[in-house]
Protein chains: 2
Amino acid sequence: MLTSSQQQLLRVISQSGPLSRTDLATSMGLSKAAMSGIARDLISLGVLHETETIYGQGRPSILLDLHPEGAFFVGISLLEDPAAMVLSDFNGSIVARQTMPRSRDPDVIAELIAETLPKLLAEREDAVRKLYGIGIALSGFVDEKQANCVQSTLLGWKDVPLASIVRQKTGIDTFIENDAKAVAVSEKLFGSTRDVQNFSVVSFDDGIGCAHFVGGKLYRGNHGGAGEIAHCTIEPNGSPCRCGKRGCLDTVASMKAIKEMAKAEGLACSSLDDLENEASLGNAAAIRILHRAGNALGLAIAHLIQFNDPGMILITHVEGRFDGLFGTVMRQAAEANVLPRYAGQTPIRNQRVDGDVWARGAASIAAHNFLIGPSPN
Amino acid sequence: MLTSSQQQLLRVISQSGPLSRTDLATSMGLSKAAMSGIARDLISLGVLHETETIYGQGRPSILLDLHPEGAFFVGISLLEDPAAMVLSDFNGSIVARQTMPRSRDPDVIAELIAETLPKLLAEREDAVRKLYGIGIALSGFVDEKQANCVQSTLLGWKDVPLASIVRQKTGIDTFIENDAKAVAVSEKLFGSTRDVQNFSVVSFDDGIGCAHFVGGKLYRGNHGGAGEIAHCTIEPNGSPCRCGKRGCLDTVASMKAIKEMAKAEGLACSSLDDLENEASLGNAAAIRILHRAGNALGLAIAHLIQFNDPGMILITHVEGRFDGLFGTVMRQAAEANVLPRYAGQTPIRNQRVDGDVWARGAASIAAHNFLIGPSPN
DNA sequence: GTTGATTTGTTCATTTTATGAACTTATTGT
DNA sequence: ACAATAAGTTCATAAAATGAACAAATCAAC
């Protein structure tokens, strides 16, 4: 679709933000002459456009940036019921949305997508010509081509080639991805980790997910399982987990676990904020639960830092504030369990996200394939 | 030095082993015509040569492989005293060796290298013209250019630009690297992980080191600290570690820790094999120590698998056999602490290495830079 | 104001790199 | 012997990138 130089240019801009042609040339290791042509082509394709003019000594430079309306992507989240379907522009802004019933039958899903797509696109006529891909986020393991779902407990799938089924029904390039990995990709393309080459995103919700970027690219692992920190043993001989082992991070630090522990203690808390309130009022059980959960998540993050030395840890969460007891304990535990001379070297940020995370993440998978493409050799 | 296509070809061969021109062309996404020329150039450079002829239907194909004597590299280990210096061919075979006194002064080291180099090369006259680089392995942190030692406790260094000092004195391209990372690179280039894209090497010795390969490339981490698993907290509130925290893997599972625990228990064991013998004779203290150490290392490896989903874990060790109690417990702990459906999916191999590991690893760093080069964008 | 310095970005002839199609070479199978 | 088959080469051509010269747009200084 695009030449490799064109893709490289888009990749650099998506990582560094707007740049002049000259800066692009040097950062891509090409001549100004070559850049001139590549930029011209992408501008006439409508993917790139000139933005700000920077005045300095000499002729002013004109910054080039991705044209927000230069490419559109559809994102579908199979994590919710009904399934969310959004249309995203090149900035990750959602410009249209629809929902569709969630099914477990791949053919039915493809059919539903094909039916809902025209409704979605009807809201933005201009996007039809510039629709470059569909991304689907789901809970489960996905192969390295982002085409087959190797296994999904939630959907009851094993080796389902969803991407090609949808591609065939809609005629549009389709890619699927694990939920946490999709969130990481959207943060890399549209969020706060644009210019970070190596980082991990921890998605904190009912479950705990995680995904790594290494060298500016999503690292999926040999079986697509990189980042599955939820089932690392964090409390040896701890509580039994639904996975079959004991003391998994998931049994202590996920929202689901926190709520269950609260319930077991007889606390009427339905959210993290409720529990934080109780704790701030001095409720010993609430404090104990938040301490335990925060320590567990902090230790896992410390391992992450110690093992992989990322440039940033980003925790995304739908619920709750992260400036209470839980967040504080978590950060302290993370700092206390890394090599002292490392402590404070790796920024740990948290970011509240809205209910569109999964669908936006799904769309970003399609954008990622458009911008970065499949791994070269 | 080499064009990017030439480098890519060498990289592919070093990963896949000998290939025909046609196979190379398809696996590199080039035409047969282009391959023909690239191969011709590399053969006349002496880097590549024709080996086996494969007969099938049609004209037989001729496999191309790296010419063992097509390129030579010098490896220097600053981990031992005296420091080891070896000359390695393109297969990782050591064809000459020297030693030199170990110094802590970078200028003295460079001087010593410059003095010893001619003696080393005198043993292999033909290597002089084909010496493509020097690699130096040391204990410490190295920057991403593999040029500056950011910090080394052992050598008492902070921000020492050793590579450029040596380069200036010798006139030869020089790169430095952390010890464990150097070992991982030598396994990737010359050892048993040639065709594995994602793996981690755990070097088990007096200390415990680790390094990751991701996507066929060494992943160094944002501060060069990826793989520093020795100081991950494995026994919360465990024994104090020299790093300042408690319960680090290093305090329980390193050879140094094992020997110290044995001594504390009054056992006269000076090696892992001694301790294994005691354990097999029923000595409760020996059994306890090996259990504790094996469990700790196994748990750390389980985390490694769970976090990064590598295609292989390779444990290199100078001392001991790994088929005794320690190895068994370690493997069981590793399997027991990963998501059950993962268990057994990630091969955990161990490999006994000789005293040349560090120097050979150092040489492989130079080879790696020749073959793979610095990270492209 | 005018002039010079400075830097961006374009143009174009040239070089480098890769391609497609035709061809040669070396083998197996019949 | 003769087709069938596949590897590897050759060569004219196309595609991609370069270097050098140049046009354009500004600042700074007098």
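Residues numbered from 1 in each chain as written. Chains lettered and ligands numbered in written order. Predicted model: local features only at pLDDT ≥ 70, side-chain atom pairs only at ≥ 80, totals over all residues. Heavy atoms only, no water.

J.: Got a sec to walk through the relation of the copies chain A and chain B? Specific residues and values, please.
T.: For the pair chain A and chain B, the relating rotation is 180°, the translation along its axis is 0.0 Å, and the fit reaches an RMSD of 0.1 Å. Taken together, the rotation angle and the small translation identify this as a two-fold axis. Taken together, the interface assignments show that 100% of the residues at the interface of chain A recur at the interface of chain B, consistent with an identical surface on both copies. (Least-squares fit on C-alpha atoms with pLDDT ≥ 70 in both. Contact = heavy atoms within 4.5 Å.)

J.: Lay out helix α6 (residues 179-190) of chain A in plain terms, naming residues and giving numbers.
T.: An α-helical turn contains 3.6 residues, so any two residues separated by three or four positions project in the same direction. All names here are of chain A. Taking 1.5 Å per residue as the helical rise, α6 with its 12 residues ought to reach 16 Å, and the 16 Å between its terminal C-alpha atoms agrees with that figure. For α6, the buried fraction is high: 12 of the 12 residues fall into the buried class. Among the residues of α6, Asp179, Ala180, Lys181, Ala182, Val183, Ala184, Val185, Ser186, Glu187, Lys188, Leu189 and Phe190 are the ones counted as buried. Residue asparagine 178 occupies the N-cap position of α6, its side-chain oxygen lying 3.0 Å from the main-chain nitrogen of alanine 180. (Helix = DSSP H or I, 4+ residues; strand = E, 2+ residues; numbered from the N terminus. Expected span 1.5 Å × (residues − 1). Buried < 20%, exposed > 50% of the residue type's maximum accessible area, 1.4 Å probe, protein only. Polar contact = N/O pair within 3.5 Å; in protein donor to acceptor, adjacent residues only side chain to side chain.)

J.: Break down the sheet that holds strand β9 (residues 149-152) of chain A for me, with residues and values.
T.: Within a beta sheet, neighbouring strands are joined by backbone hydrogen bonds and run either parallel or antiparallel to one another. A sheet is described by the order of its strands in space; here 3 strands give the open sequence β8-β9-β10 (chain A), paired in antiparallel fashion. What marks the edges here is a single partner per strand, and that holds for β8 (141-142) and β10 (157-160) of chain A. (Pairing = 2+ DSSP bridges.)

J.: Break down unusual backbone geometry for me, with residues and values.
T.: The omega torsion across A:Asp81 and A:Pro82 is 5°, close enough to zero to call that bond cis. By secondary structure assignment, the location of A:Pro82 is in the loop between β4 (72-77) and β5 (83-88). Even without being a glycine, B:Asn237 presents a positive backbone phi close to 60°. Here B:Asn237 lies in the loop between β14 (217-219) and α7 (255-264). Its identity is not glycine, yet B:Asp309 carries a phi of approximately 45°, on the positive side.

J.: An account of the packing of helix α8 (residues 272-280) of chain A against helix α10 (residues 325-336) of chain A is needed here, citing residue identities and associated values.
T.: Each pair of packed helices can be summarised by the angle the axes make with each other and by the distance between the axes. All names here are of chain A. For the pair α8 and α10, interaxial distance at closest approach is 9 Å and the crossing angle is 85°. Comparing the axis directions of α8 and α10 gives the class roughly perpendicular. Listed contacts from α10 to Leu272, Glu276 and Ala279 of α8 are Leu325, Phe326 and Gly327. Here the contact of α8 with α10 is built from residues that sort into 4 nonpolar, 1 polar and 1 charged. (Axes fitted to C-alpha atoms, helices over the stretch in contact; angles between N-to-C directions. Parallel < 35°, antiparallel > 145°, perpendicular 65-115°, else oblique. Nonpolar A, V, L, I, M, F, W, Y, C, P; charged D, E, K, R; others polar.)

J.: Can you explain the packing of aromatic side chains? Please cite residues and give values.
T.: All names here are of chain A. Considering all chains together, one arrives at 19 aromatic pairs over all chains under this definition. Their ring planes at 25° and their centres at 4.5 Å tell us that tyrosine 132 and phenylalanine 370 sit as a pair that is stacked. A residue pair is termed long-range when its members are at least 10 positions apart, and tyrosine 132 in strand β7 (residues 131-138) and phenylalanine 370 in helix α11 (residues 357-371) qualify at 238 residues. The class for phenylalanine 370 is buried, based on a relative accessible area of 6%. (Phe/Tyr/Trp six-rings, centres within 6.5 Å; stacked < 30°, edge-to-face > 60°.)

J.: Any details on the protein's contact with DNA strand C? Residues and values, ideally.
T.: Of all residues adjacent to DNA strand C, which total 24 residues, the nearest are A:Ser36, A:Gly58, A:Arg59, A:Ile62 and B:Ser31. Counting only atoms of DNA strand C within 4 Å of the protein, the sugar-phosphate share comes to 65%. Between DNA strand C and the protein, one listed contact pairs a base oxygen with a backbone N or O atom of A:Gly58 at 3.4 Å. Elements represented by at least two residues in the surface near DNA strand C include exactly α2 (21-28), α3 (32-45) and β3 (61-66) of chain A together with α3 (32-45) of chain B. Grouping the amino acids of the surface near DNA strand C by side-chain chemistry returns 8 nonpolar, 11 polar and 5 charged. (Near = heavy atom within 4 Å.)

J.: Can you lay out the side chain of B:Asn337 for me, pointing to particular residues and giving the numbers?
T.: Here B:Asn337 is to be found in the loop between α10 (325-336) and β16 (348-352). By relative accessible area, B:Asn337 is classed as buried at 17%. There is a polar contact of 2.9 Å between the side chain of B:Asn337 and the backbone oxygen of B:Ala333. Those residues in contact with B:Asn337 that lie beyond four places of it in its chain are A:His231, A:Thr233, A:Lys245, B:Leu299, B:Ala302 and B:Gln306.

J.: I'd like a rundown of the sheet that holds strand β3 (residues 61-66) of chain B, residues and numbers included.
T.: All names here are of chain B. Reading across the sheet, the 3 strands line up as β1-β3-β2 and stay open at both edges, with antiparallel pairing between neighbours. Since the sheet does not close on itself, it has two edges, and those belong to β1 (19-20) and β2 (48-54), each with one partner. One ladder, built from 2 bridges, connects β1 with β3; its direction is antiparallel. Each bridged residue has a counterpart across the sheet, and for leucine 19 the counterpart in β3 is leucine 64. Helix α1 (residues 4-16) contacts β1, β2 and β3 of the sheet and is inclined by roughly 95° relative to β3.

J.: Tell me about the protein's contact with DNA strand D, residues and numbers included.
T.: The immediate surroundings of DNA strand D are formed by 25 residues, with A:Ser31, B:Lys32, B:Ser36, B:Gly58 and B:Ile62 found nearest. Restricting attention to atoms of DNA strand D within 4 Å of the protein, one finds that 65% of them are sugar or phosphate atoms. Residue B:Ile62 places a main-chain N or O atom 2.7 Å away from a phosphate oxygen belonging to DNA strand D. Secondary structure elements with two or more residues in the surface near DNA strand D: α3 of chain A together with α2 (21-28), α3 and β3 of chain B. With 4 residues, the top contributor of residues to the surface near DNA strand D is α3(B). Of the residues that constitute the surface near DNA strand D, the class distribution is 8 nonpolar, 12 polar and 5 charged.

J.: Quick one: what's the story with the interface of chain A and chain B, residue by residue and with numbers?
T.: Tallying the contact residues gives 46 residues for chain A and 46 residues for chain B. Summed over both sides, the interface of chain A with chain B buries roughly 3,900 Å², with 53% coming from carbon and sulfur. In this assembly, chain A and chain B are joined by 0 salt bridges. The interface formed by chain A and chain B holds 28 residue pairs in polar contact (both at pLDDT 80 or more) in total. The set of elements that each furnish at least two residues to the side of chain A that touches chain B consists of α1 (4-16), β13 (208-214) and α9 (284-308) of chain A. (Buried area = accessible area lost by both parts, 1.4 Å probe. Salt bridge = Lys/Arg side-chain N within 4 Å of Asp/Glu carboxyl O.)

J.: Outline the environment of B:Thr346, listing residues and values.
T.: Summarising the element assignment, B:Thr346 is placed in the loop between α10 and β16. Linking B:Thr346 and B:Leu112, residues 234 residues apart in sequence, is a C-alpha distance of 44 Å. For B:Thr346, the residues in contact, after removing those within four places along its chain, are A:His223, B:Ile305, B:Pro310, B:Gly311, B:Met312 and B:Ile313.

J.: An account of the UniProt feature "domain: HTH marR-type" (unreviewed entry) in chain A is requested, with residue identities and associated values reported.
T.: Per the UniProt record, "domain: HTH marR-type" (unreviewed entry) is annotated on residues 2-43 of chain A. This span, residues 2-43 of chain A, is 79% helix and 5% strand, and a straight line between its end C-alpha atoms measures 13 Å. (UniProt positions renumbered as here; feature names shortened; annotations may be inferred.)

J.: Can you lay out the pairing of strand β2 (residues 48-54) of chain A for me, pointing to particular residues and giving the numbers?
T.: Residue and element names in this part refer to chain A. In terms of strand pairing, β2 meets β3 through 5 bridges, oriented antiparallel. Among the inter-strand pairings, histidine 49 is bridged to a residue of β3, identified as aspartate 65. Counting the residues that bridge the hairpin from β2 to β3 gives 6 residues, and of these glycine 58 lies at a positive phi of roughly 85°.

J.: Any chance you could break down the pattern of salt bridges for me, citing the residues and the numbers?
T.: All names here are of chain A. What the rule picks out here adds up to 29 salt bridges over all chains. Residue glutamate 69 pairs with arginine 124 through a salt bridge whose shortest N-O separation is 3.2 Å. Within this pair, whereas glutamate 69 is found in the loop between β3 and β4, its partner arginine 124 is found in the loop between α4 (106-122) and β7, the two being separated by 55 residues in sequence. According to the relative accessible area criterion, glutamate 69 is partly exposed, its value standing at 34%. Put simply, glutamate 111 and lysine 169 hold a salt bridge, and the shortest N to O gap is 3.6 Å. Residue glutamate 111 is located in helix α4, and its partner lysine 169 is located in helix α5 (residues 162-170); the two are separated by 58 residues in the primary sequence. Overall, the relative accessible area of 40% leaves lysine 169 in the partly exposed class. Salt bridges here are not isolated pairs; linked through shared partners, they connect Glu69, Arg124 and Asp126.

J.: Before we move on, can you summarise the domain arrangement of chain A with the specific residues and values?
T.: Residues and elements named next belong to chain A. Domain annotation for chain A reports domain 1 (4-66), domain 2 (72-186 + 357-371) and domain 3 (194-352). Between domain 1 and domain 2, the C-alpha centre-to-centre distance is 30 Å. Each partner contributes to the interface: domain 1 provides 6 residues, whereas domain 2 provides 4 residues. Buried surface at the junction of domain 1 and domain 2, both sides included, amounts to about 530 Å², of which 64% is carbon and sulfur. Our count for the contact surface shared by domain 1 and domain 2 stands at 1 residue pair in polar contact (both at pLDDT 80 or more). Sorting elements by how many residues they give to the side of domain 1 that touches domain 2 places α1 first, with 4 residues. Considering only residue class, the side of domain 1 that touches domain 2 consists of 3 nonpolar, 2 polar and 1 charged. (Domains from an automatic or database assignment.)

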